[in-house]
Amino acid sequence: MIFVGFGFLMTFLKRYSFGAVGFNFLIAAFGLQWALLMQGWFHSLDYTDGKIKIGVENLINADFCVAGCLIAYGAVLGKVSPVQLMVMTLFGVTLFAVEEYIILNLIHARDAGGSMVIHTFGGYYGLSISWMLYRPNLDQSSRLQGSCYHSDVFAMIGTLFLWMFWPSFNSAITDHGDGQHRAAINTYLALASTVLTTVAISSLFQKHGKLDMVHIQNSTLAGGVAVGTAAEFMLMPYGSLIVGFCCGIISTLGYIYLTPFMEKHLKIQDTCGIHNLHAMPGVIGGIVGAITAAAATESVYGREGLVNTFDFEGAFKDMVPTRQGGHQAAGLCVAICFGIGGGILVGCILRLPIWGDAADDNCFDDESYWEVRDEALQDYEMLMQTLHVLCGSR
Amino acid sequence: MIFVGFGFLMTFLKRYSFGAVGFNFLIAAFGLQWALLMQGWFHSLDYTDGKIKIGVENLINADFCVAGCLIAYGAVLGKVSPVQLMVMTLFGVTLFAVEEYIILNLIHARDAGGSMVIHTFGGYYGLSISWMLYRPNLDQSSRLQGSCYHSDVFAMIGTLFLWMFWPSFNSAITDHGDGQHRAAINTYLALASTVLTTVAISSLFQKHGKLDMVHIQNSTLAGGVAVGTAAEFMLMPYGSLIVGFCCGIISTLGYIYLTPFMEKHLKIQDTCGIHNLHAMPGVIGGIVGAITAAAATESVYGREGLVNTFDFEGAFKDMVPTRQGGHQAAGLCVAICFGIGGGILVGCILRLPIWGDAADDNCFDDESYWEVRDEALQDYEMLMQTLHVLCGSR
Amino acid sequence: MIFVGFGFLMTFLKRYSFGAVGFNFLIAAFGLQWALLMQGWFHSLDYTDGKIKIGVENLINADFCVAGCLIAYGAVLGKVSPVQLMVMTLFGVTLFAVEEYIILNLIHARDAGGSMVIHTFGGYYGLSISWMLYRPNLDQSSRLQGSCYHSDVFAMIGTLFLWMFWPSFNSAITDHGDGQHRAAINTYLALASTVLTTVAISSLFQKHGKLDMVHIQNSTLAGGVAVGTAAEFMLMPYGSLIVGFCCGIISTLGYIYLTPFMEKHLKIQDTCGIHNLHAMPGVIGGIVGAITAAAATESVYGREGLVNTFDFEGAFKDMVPTRQGGHQAAGLCVAICFGIGGGILVGCILRLPIWGDAADDNCFDDESYWEVRDEALQDYEMLMQTLHVLCGSR
C-alpha cells in the first residue's frame, strides 16, 4: 500500500513534462532518504545502540514527509534549478519533521490525512518561497506557461491516480478497523461531491459555459485535502459531502479569481495553483477537524471509541473533546507559522545568486536542464518561422 | 481494492481526450453518490431509524452500479451533452438498482463479475439510447471521429489498466477463499487467451495482415467480460481458455463487420463499439454461466462447495444446479429487457430539444464544452490553410 | 498483488508506441500460458491424475517467467517481426523454466527478486539474439530510432510504475513476515539511492551539464535489479544504499559509453540498453547476493532466521552460509550460460529467412505491422516536403 501511496505522489505533477516528472522523481528520492534519517532521529532512534530501526511505517511516514516538499514544488515549478530544489527539499523535510513532532506529539493534535501537517505546511512553504523568488519579468516566459492538448491528458492521469488513491492515503496511518473504514469512506464521499461542484462552478463562471481543464485537474481533489484531518472522526457522510461541496466552490473560484489576483497584487507566482488545491483546503481541513473534534460526544463515539479515536492515553488521559478541538486549532496555527516562516527563510537562502536558476525568459523550458532531442518540435518551429517570412514577403 | 477497481473504470475511455476522461469522471462521481442512495434504499436501509448504513461493500456495489452507466456512455461518446449524460446516469443507476435487485435477490441468479447485471445491461442500455438519438448526418463530424497516434497510446494505458485489474474486479464480491481464487484465475486465463486470438484475427482479416489498434485496445478485454458470471464456478482452466478464444474471435469480427453494419442498416452509431466489447460478450457470459451452473454436480463441487458457490440457503435451500441454470438464463433475459427497454425510454427523454446537445457537424469535438487553449494546434491548422493557399497560387 | 506485478511488466516498454506496447502485450499473454504449462510440468504436476494444479503462486511464477522474455524483447525492439517474437518467447520461456529449475531447485540458490534468474538470463538472452540478428545497415532507420517529446513522457509512466512496484516485485515470493519486509525496504532504499546517482552522473557526463531523459527512464531502476537476490538477506540499509549508488553510476555510464561501443565494435545493437538496465545490474546483483549469503552469520540472523532465510531444510539441512555463497555464484554462472547459449541458439533459428522481419530501412516503424491512421502525421510530413520545395525554389 505504501508504494502505491508513494507512486501517486510521483505522478502528481506530470503535466509539465521532463522537468515536472523528472525533478519530482529526484526530489522524492532525495527527500525520502533524508526524511528517513530525520524521522529516525525524532521518532525511532534506539538509544541503546544509536541505530535507527526502519520498518514499513517509517517508509510511509517518509512518504508523507516528502509529500509536503512535492506540494511546495508546485508553486515554484519551472522557475527554479534542480540545485535549488534539493536545498528546498533538504530544509523542507527538516522543517516538516520538527513541525510534525510539535503538532502530533507535543500539541497532541490528530491529523491522519495530513490536512495541516502536510497540505497547509507544504502549501504555505511553497507560496512563501515563490514570494521570495518573485520574478517581475516572468511574462517573458508566458509563451511556455500554458498547456497543450496532450499534456493536459497526461495531467489527467495524475489527477485520476491521486483521486483513486486518496482514500487509501487518508486512511493509511489511522487506527486499523473502524477508524480506517471511516476515513476511507469519508474521503471518498468528499471527493465525489467535489467533482460535481467543480464541474458546476467551472461551467458557471467561464464565458460560454465551457469547462476549464485546469479546474477539473486540480479542484476535484480539494475535497480530499479538506477532509484529511476529520476523515477518521465521526464526520458522517453528509458532513463529508458538505465539506467536499464547499471546497469544490472555493478551490475553483480560487483558480478563477485568486491566483491572478495573487500574482498581480501580492507578487506570488503560483505555477500550479497550490494555494487553491493545498493551502486553502488544508486550512479548511484543519478548521473542520477542530470543530468535529470539539463537537465529539461520548453518546456518538462511545467511551471506548473516544479514547481510541483521539488517543486519550498516557499524558493526555484526562483530555476532553472540547479541549482537543483547541489543540487541533493550535496545530493548524503551528503548521501555518512553520510554512510561512520556513518558506521565507529558505526563500532568502535561495535568492543567493549561486544556484544557477534560469533567466526570466527561460522559465518553464526543459531546454535549460534537459537534452531535448525532439527534431519534430524543432522542425515545426523552423517551419513556423519560415512561413512567417514567406507570408510577410507577399 | 475498491478504489483501484473504481480507478480503472475511470481510465476506461481515455482515448477521446478531455470529454472522454472529464465527463467520465463527472458521471462516475455523480453516479456513485446516486448509487449509494439507491442501493441504500434497496439493500441496506435500517428500518429502525431510517438511516442508510454505508460500508466498504456498499462502495464496491456503487462502483459496479456506475460501471453500467460508463459502458453505456461508450455508445454515445462525443454525441451528447454533459446534461444528457447526467440524465442518462440518473436513470441508468436507478434501472440498474432495480434490475440488480430482481436478478440477484428475486431470481437468485449468481453474477460475480457482472456479465449480465453490468455488461449486458449497460451495453444494451447504451445501444438503445444511441439508436433513439440516431444522427443521420453524423458523417459531417467524421473528420474528428478517428484517433491520432498519441491518443491511441493513451487508450492503451486504459486497456492495460482494465486488463490487469479485471481479475480483481471479477473476484471482488465472490465468496472469500476458494471462489475468489477460482474467479481470479479463470478471468486471467480467459484474458490471456483473448489477447492471442484478437491479434491473430485482427491480422488475418485486415488487408496486408496489419494489426488494428482498435481491436487490440478493445477486443483483448472481451474474454474478461465473458467469464464474469462463470468465473467463480468450476469452469476449469480449459473452459476459460475456450471462452476467451471464442470471445476474441467474435469481438474482433464484430469490430470489422458488425459495427459498420449496425451503423449503416440498424441506425445504431456505436462510437466505442460497446456492442463488441460489452453487449455480446456479456450475453455469451450469461449463457456460459447458465450452462456451467446447470452442469454443476456434487461430485465436482462437493455438497459443501455447491451450497457455498450457489448460495443454496434460506428460501433457496432446495435448489438444484439444473434449476439454477434456468434461473441464470432468466436473469440474462431480465438484463437484456431492462437494457433495451430502459434505453428506449431514456432515449425518448433525451430526444427532447432542451438538453443542448451539439450539432451534427460538431460532434467528437472538445471545443463545444471545453476551453481548449492549444495554440500549437491552432497554429498548425492556420499553417495548413496558408500552405494550401500558397500551393494553390503557384 | 500479482496482477499489479504483471501490469507493470506490461507498461515496461511503452515508449515505443504501438509495436512496443502491443507486441509486449502479445508476448506477455502468450508467454503466460506457455509458462503455466512449462512450470506445471516442472513443479506442480500431480502425478496421480496427470493434471496440473494452478494456484495464484503459479500465476506469479508465470509472470516472472514472462519477465525474462520481455527483457529480451528490449534488445531487439523494433527489429523483429511478431512471429519472431513468438518464437523467441516460446524458447525463452522453455529455457527459463529449465534454468530456474536448475538454479533454485538443483543448485539451491536463493533468488527472490530474480537478479540472476530473470534479469541476467533475460538480459544476455536478448543481447545474444541481437548479436545474431546484427543488421549492418540499421543506420538507414536511424531517423526513427529516437524519441519524441511525448513518447518520453509516456516512457516515464512506465518508469514510475516499475519503480513503485519494484519493492512488491522483489518481495513477492520471499518468505512472509520478516523476509518480505526486509526485501521491500532494501529495494526501496536501493532505488532511492540509484535515482540520485543517476541524476548526478547524467548531469556530470553530458555536455553543458544537461540531463538525459534516457538515463532517468532506465538507470533509475538499476538499483532495484541489483538488490534482487540480496534483498531478502540482511543487506542492511547502508548496504542497499551502496548497491544502489554503484549501480546508478555503472548503468548511466553504460548508456553513455558502453552501448555505443557495443554497437560499433561488438555488433550488438541494444535498442533499449538492456545491458545497462538488466544484464550488468543482474550480474552485480548475483555477486552481491553471493557475498551477502557467504557473509551471513548466526549472530546476525539467529539460527532460526538463517534456516528460514536460506531454506536450509531437507537435503540442504547441513548447508552453511559460506557454501551457500558458492552455490549463489554457481547459480549466476548458470544464468549467464543459459542466457548466452540460449540466445545464440534461438538467434540461429531466427536468422532463417522465413519469419518476415522488416527490411533494414523499415525498422522502428509501426507502419510495417500496424494500421496507422494518423492523418495529422501524414499531413505534417507532406507539409515538410512541400516547404522544402518552396524554400528551395526561392
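Along each chain, the written sequence defines residue order, and numbers are assigned to residues from 1. Throughout, the order in which chains and ligands are written sets their labels, letters from A for the former and numbers from 1 for the latter. Local features in a predicted model are, by the rule used here, given only for residues with pLDDT of at least 70; side-chain atom pairs are given and counted only at 80 or more, and totals for whole chains, interfaces and linings are based on all residues. To obtain the side-chain values, all non-hydrogen atoms of the structure were used and water was disregarded.

Chemist: Lay out the overall build of chain A in plain terms, naming residues and giving numbers.
Modeler: Helix and strand content of chain A: 14 helices and two strands. Expressed as a percentage of its 394 residues, the buried residues of chain A come to 63%. Working definition: helices are DSSP H or I runs of at least four residues, strands are E runs of at least two. Numbering for both runs from the N terminus. Only protein chains enter the accessibility calculation, which uses a 1.4 Å probe; a residue is then buried when its area is under 20% of its type maximum, exposed when over 50%, and partly exposed in between.

Chemist: Tell me what's going on with a nonpolar patch on the surface, and back it up with residues and numbers.
Modeler: Residues and elements named next belong to chain A. Patch building starts from residues that exceed 30% relative accessible area and form no salt bridge, then joins like charges within 9 Å and nonpolar side chains (Val, Leu, Ile, Met, Phe, Trp, Tyr) within 5 Å. Each accessible area value is a Shrake-Rupley result obtained with a 1.4 Å probe; residue values ignore everything except the protein chains displayed when judging cover. Here, a salt bridge means any side-chain nitrogen of Lys or Arg that lies within 4 Å of a carboxyl oxygen of Asp or Glu. Together, Trp131, Ile340 and Ile344 line one region of the surface with nonpolar side chains, adding up to about 250 Å² of accessible area. With respect to the element layout, Trp131 can be found in helix α5 (residues 115–132). Trp131 sits in the partly exposed class, given a relative accessible area of 41%.

Chemist: Got a sec to walk through helix α10 (residues 237–265) of chain A? Specific residues and values, please.
Modeler: All names here are of chain A. Take the number of residues in a helix, subtract one, and multiply by 1.5 Å to get its expected span. The first and last C-alpha atoms of α10 sit 39 Å apart over 29 residues, in line with the 42 Å expected at 1.5 Å per residue. A residue's bend is given by the angle between axes fitted to the 7 residues ending at it and the 7 residues starting at it. Where α10 bends most, the angle comes to about 50°, and this point is Gly254. Phi turns positive, to about 60°, at Lys267, one or two residues after α10.

Chemist: Before we move on, can you summarise helix α3 (residues 56–76) of chain B with the specific residues and values?
Modeler: All names here are of chain B. Under the 1.5 Å per step criterion, the end-to-end length of α3 is 31 Å for 21 residues, consistent within 8% with the ideal 30 Å. With respect to burial, α3 is a largely interior element, 19 of its 21 residues being buried. A positive backbone phi angle near 85° is found at Gly78, which sits one or two residues after α3.

Chemist: Residue-level account of the packing of aromatic side chains, with values.
Modeler: Here a pair means two rings of Phe, Tyr or Trp (six-membered ring of Trp) with centres within 6.5 Å. Their orientation is stacked below 30 degrees between planes, edge-to-face above 60, and tilted elsewhere. A full pass over the atoms with the stated rule returns eleven aromatic pairs over all chains. Centre to centre, the rings of Phe121(C) and Tyr125(C) are 5.5 Å apart; their planes meet at 15°, and the pair counts as stacked. On the criterion of helical spacing, the pair formed by Phe121(C) and Tyr125(C) is a turn pair, its members being four residues apart in helix α5 (residues 115–132). Accessibility expressed as a relative area gives 1% for Tyr125(C), which makes it buried. Each member of the aromatic cluster is reached from another via a ring pair, and the members are Phe96(A), Phe121(A) and Tyr125(A).

Chemist: Before we move on, could you go through the side chain of Asn186(C) and cite the residues and values that matter?
Modeler: All names here are of chain C. Along the chain, the position of Asn186 falls in helix α7 (residues 178–205). Looking at Asn186, its side chain comes within polar contact range of the side chain of Ser240, at 2.9 Å. Residue contacts are counted whenever heavy atoms from the two residues lie within 4.5 Å of one another. Dropping the residues within four chain positions of it, Asn186 is found in contact with Val227, Ala230, Ala231, Phe233, Leu235, Met236, Pro237 and Ser240. Nitrogen and oxygen atoms within 3.5 Å of one another constitute a polar contact, given that in protein one can donate a hydrogen and the other can accept it, and given that sequence-neighbouring residues count only through two side-chain atoms.

Chemist: Please set out the packing of α5(A) against helix α13 (residues 321–351) of chain A residue by residue, giving values where relevant.
Modeler: All names here are of chain A. With axes taken as lines fitted to C-alpha atoms, and helix axes fitted only over the stretch in contact, angles between N-to-C directions fall between 0 and 180 degrees. With their axes 7 Å apart at the nearest point, α5 and α13 run at an angle of 30° to one another. What the angle tells us is that α5 and α13 run roughly parallel. Between α5 and α13 lies a crossing whose hand is right-handed. Three classes are used, and their members are as follows: Ala, Val, Leu, Ile, Met, Phe, Trp, Tyr, Cys and Pro are nonpolar, Asp, Glu, Lys and Arg are charged, and the others, Gly among them, are polar. Broken down by class, the residue content of the contact of α5 with α13 amounts to 16 nonpolar, eight polar and one charged. Note on terminology: angles under 35 degrees are roughly parallel, angles over 145 are roughly antiparallel, angles of 65 to 115 are roughly perpendicular, and the others are oblique. Should the near helix be turned counterclockwise from the far one by less than a right angle, the crossing is left-handed, whereas a clockwise turn marks it as right-handed.

Chemist: Quick rundown of the packing of helix α3 (residues 56–76) of chain A against α7(C)? Include the residues and the values.
Modeler: Axis separation between α3(A) and α7(C) bottoms out at 10 Å; the angle between their running directions is 35°. Where α3(A) abuts α7(C), its residues Val56(A), Leu59(A) and Asp63(A) lie against His181(C), Ile185(C) and Tyr188(C). Residue classes in the contact of α3(A) with α7(C) are distributed as four nonpolar, one polar and one charged.

Chemist: Give me the environment of Pro281(A): which residues, what numbers.
Modeler: All names here are of chain A. Here Pro281 is to be found in helix α11 (residues 274–294). Classification of Pro281 as buried rests on a relative accessible area of 2%. On a C-alpha basis, the gap between Pro281 and His119 in space is 8.1 Å, while along the polypeptide they are 162 residues apart.

Chemist: Describe in detail the UniProt feature "transmembrane region" (unreviewed entry) in chain A, supporting the description with residues and values.
Modeler: All names here are of chain A. UniProt positions are given in the numbering used here, feature names are shortened, and annotations may be inferred rather than shown by experiment. According to UniProt, the feature "transmembrane region" (unreviewed entry) maps to residues 16–37, 58–77, 83–104, 116–134, 154–173, 185–205, 238–258 and 329–352 in the numbering used here. Annotated as residues 185–205, this span is 100% helix and 0% strand, and its ends, taken at the C-alpha atoms, are 30 Å apart. Taken end to end, residues 238–258 has its terminal C-alpha atoms 28 Å apart, with 100% of it in helix and 0% in strand.

Chemist: Explain the environment of Glu313(B) residue by residue, including any values.
Modeler: Along the chain, the position of Glu313(B) falls in the loop between α12 (298–310) and α13 (321–351). Sequence-wise, Glu313(B) and Val83(B) are 230 residues apart; in three dimensions their C-alpha atoms are separated by 44 Å.

Chemist: Kindly report on the confidence of the model for chain A, identifying the contributing residues and their values.
Modeler: Residues and elements named next belong to chain A. In the predicted model, chain A carries a mean pLDDT of 78, and the fraction of residues at 70 or more is 81%. No element of chain A has a lower mean pLDDT than helix α1 (residues 2–11), which averages 45, and none a higher one than α5, which averages 89. What pLDDT reports is the predictor's confidence in each residue, on a scale of 0 through 100. Across residues 1–15, confidence stays below pLDDT 50; counting only partners more than four residues off in sequence or on other chains, it has 59 contacts. This complex was scored by the predictor with a pTM of 0.81 and an ipTM of 0.76.

Chemist: Tell me about unusual backbone geometry, residues and numbers included.
Modeler: Non-glycine residue Lys267(A) carries a positive phi angle of around 60°. Within the secondary structure layout, Lys267(A) lies in the loop between α10 and α11. Assessed through its relative accessible area of 43%, Lys267(A) is described here as partly exposed. The phi dihedral of His108(B) is positive, around 60°, even though this residue is not glycine. One can find His108(B) in the loop between α4 (82–106) and α5 (115–132).

Chemist: Hey, could you go over the environment of Phe23(A) for me, with residue numbers and the actual values?
Modeler: Locating Phe23(A) in the fold gives a position in helix α2 (residues 17–44). Overall, Phe23(A) belongs to the buried group, its relative accessible area being 5%. Separated by 115 residues in the primary sequence, Phe23(A) and Leu138(A) have C-alpha atoms spaced 21 Å apart. Setting aside residues up to four positions removed in sequence, Phe23(A) forms contacts with Phe18(A), Tyr73(A), Pro82(A), Leu85(A), Tyr369(A), Trp370(A) and Leu211(C).

Chemist: Pulling in residues and values, what's your account of the state of the cysteines?
Modeler: We call a pair of cysteine sulfur atoms a disulfide when they lie within 2.5 Å. All chains considered together, the criterion is met by zero disulfides over all chains. No disulfide involves Cys247(B); its sulfur sits 7.1 Å from that of Cys246(B), the nearest cysteine. The exposure class of Cys247(B) is buried, given its relative accessible area of 1%. Note on Cys348(C): no disulfide assigned, nearest cysteine sulfur contributed by Cys337(C) at a separation of 17 Å.

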